Amino acid sequence: MAGCCGPEGCSSTPSPNTPQWRRALWIALAVNAGMFLAEIGAGVAAGSASLQADAIDFLGDAANYGISLGVAGMALAWRARAALVKGWSLGLLGAGVLASTAWHAYAGSLPGAGTMGVVGLLALVANAGVALMLYRYREGDANMRSVWICSRNDALGNIAVLAAAAGVFGTGTAWPDLIVATVMAALGISGGWQIVRQARAELRVPQGVAAPA
């Protein structure tokens with residue numbers, strides 16, 4: 001459905017500076033910061049590459065939400081620039097996860113399946129709640145979409161961590177954990193590239209013209 005377009009884009013897209021959007025970001029920031037602290041400790045204790053990868057995602061998302069709060073009331077160009085930074089950061093985090101996974105493969109350590117399962121389930125509940133809360137903003141500008149993509153990727157990653165825990169328990173090897181960590185890194189790199197592409201498109205749009213969907 002066509003909408004009336006102005007400096008901030010078409011009216012059919014979610015507003016980037018409403019109390020509801022800010023409240024959602026604050027809640028998401030608190031959840032992700034708390035889960036990062038819990039999961040990084042559990043990941044190190046269990047020797048799990050996938051838990052540590054997921055913890056890094058939580059940290060990246062907490063920073064993502066903080067940046068989004070900072071630019072919520074700014075013009076589209078500034079929100080797009082913030083999204084561009086977040087997109088490249090997400091890709092770099094994914095590359096870091098790949099490096100960490102390679103180190104775990106070289107070390108040959110066996111992660112604790114029980115810890116992976118419990119913490120992975122807790123993280124899934126947290127991320128699914130955040131993703132559902134942010135679902136309405138998935139069609140917004142690049143900055144809004146970056147928040148939705150990160151939340152969606154994390155929920156998918158948590159399901160994969162649970163699958164990895166079952167795989168480690170069933171096979172007695174670390175390979176399920178390493179495979180899932182690699183897939184999560186690929187999701188991060190792919191999501192970051194999606195954000196960068198949309199942000200670049202928005203930066204090319206003249207002020208006062210709606211950004212392409």
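Residues numbered from 1 in each chain as written. Predicted model: local features only at pLDDT ≥ 70, side-chain atom pairs only at ≥ 80, totals over all residues. Heavy atoms only, no water.

Chemist: Would you mind showing me how to read a nonpolar patch on the surface here?
Modeler: Residues Trp175, Ile179 and Val183 make up a contiguous nonpolar surface patch of roughly 340 Å² in combined accessible area. Looking at the element boundaries, tryptophan 175 is found in helix H6 (residues 175-203). Judged by its relative accessible area of 57%, tryptophan 175 falls in the exposed class. (Patch = residues over 30% accessible without salt bridge, like charges linked within 9 Å, V, L, I, M, F, W, Y side chains within 5 Å. Areas by Shrake-Rupley, 256 points an atom, 1.4 Å probe, with all protein chains shown as cover. Salt bridge = Lys/Arg side-chain N within 4 Å of Asp/Glu carboxyl O. Helix = DSSP H or I, 4+ residues; strand = E, 2+ residues; numbered from the N terminus. Buried < 20%, exposed > 50% of the residue type's maximum accessible area, 1.4 Å probe, protein only.)

Chemist: Is there a simple way to think about the packing of helix H2 (residues 49-71) against helix H3 (residues 76-107) in this case?
Modeler: A pair of packed helices is captured by two measures, namely the crossing angle of their axes and the spacing between those axes. It is at 10 Å that the axes of H2 and H3 come closest, and there the two elements cross at 170°. Of the possible angle classes, the one that applies to H2 and H3 is roughly antiparallel. On H3, the residues that touch Ala49, Gln52, Ala53, Ile56, Gly60, Asn64, Ile67, Ser68 and Val71 of H2 are Arg79, Ala82, Lys86, Leu93, Val97, Ser100, Thr101 and His104. By residue class, the composition of the contact of H2 with H3 is 8 nonpolar, 7 polar and 2 charged. (Axes fitted to C-alpha atoms, helices over the stretch in contact; angles between N-to-C directions. Parallel < 35°, antiparallel > 145°, perpendicular 65-115°, else oblique. Contact = heavy atoms within 4.5 Å. Nonpolar A, V, L, I, M, F, W, Y, C, P; charged D, E, K, R; others polar.)

Chemist: Would you take a moment to explain empty space enclosed by the protein for this structure?
Modeler: Take a probe with the size of a water molecule and roll it over the atoms, and the empty space left behind shows itself. Across all of its chains, the model carries 2 cavities of 30 Å³ or more by this definition. Here the largest cavity defines a volume of roughly 70 Å³. Along the walls of the largest cavity sit Asp57, Asp61, Leu90, Cys150, Asn153, Asp154, Gly157, Met184, Leu187 and Gly188, which together make up its complete lining. Secondary-structure elements contributing two or more residues to the lining of the largest cavity are H2, helix H5 (142-171) and H6. Sort the elements by how many residues they give to the lining of the largest cavity and H5 lands first, with 4 residues. The class makeup of the residues in the lining of the largest cavity is 4 nonpolar, 3 polar and 3 charged. Of the voids in this model, the second largest cavity is the one considered here, and its volume is about 30 Å³. (1 Å grid on protein atoms, 1.4 Å probe; cavity = no way out; pocket = protein on both sides within 12 Å on 5 of 7 lines; lining within 4 Å. Points joined across faces, edges and corners; volume = space filled by probe spheres on them.)

Chemist: Is there a simple way to explain the nonpolar core in this structure?
Modeler: Across soluble globular proteins, nonpolar side chains have a tendency to be buried as a group. Leu51, Met116, Val180 and Met184 are the most contacted members of the largest nonpolar core, which has 15 residues in total. Mapped by element, the contributors of at least two residues to this core are H2, helix H4 (113-134), H5 and H6. Here this core takes 5 residues from H5, the largest share from any one element. In contact with leucine 51, other than residues within four places in its own chain, are Glu39, Ala42, Gly43, Thr115, Met116, Val119, Gly120, Val161 and Asp177. Core analysis: the next-biggest nonpolar cluster, separate from the first, contains 11 residues, Trp21, Ala24, Leu25 and Ala28 among them. (Core = buried A, V, L, I, M, F, W, Y, C linked by side-chain atoms within 4.5 Å.)

Read these as spatial facts, not as claims about activity.
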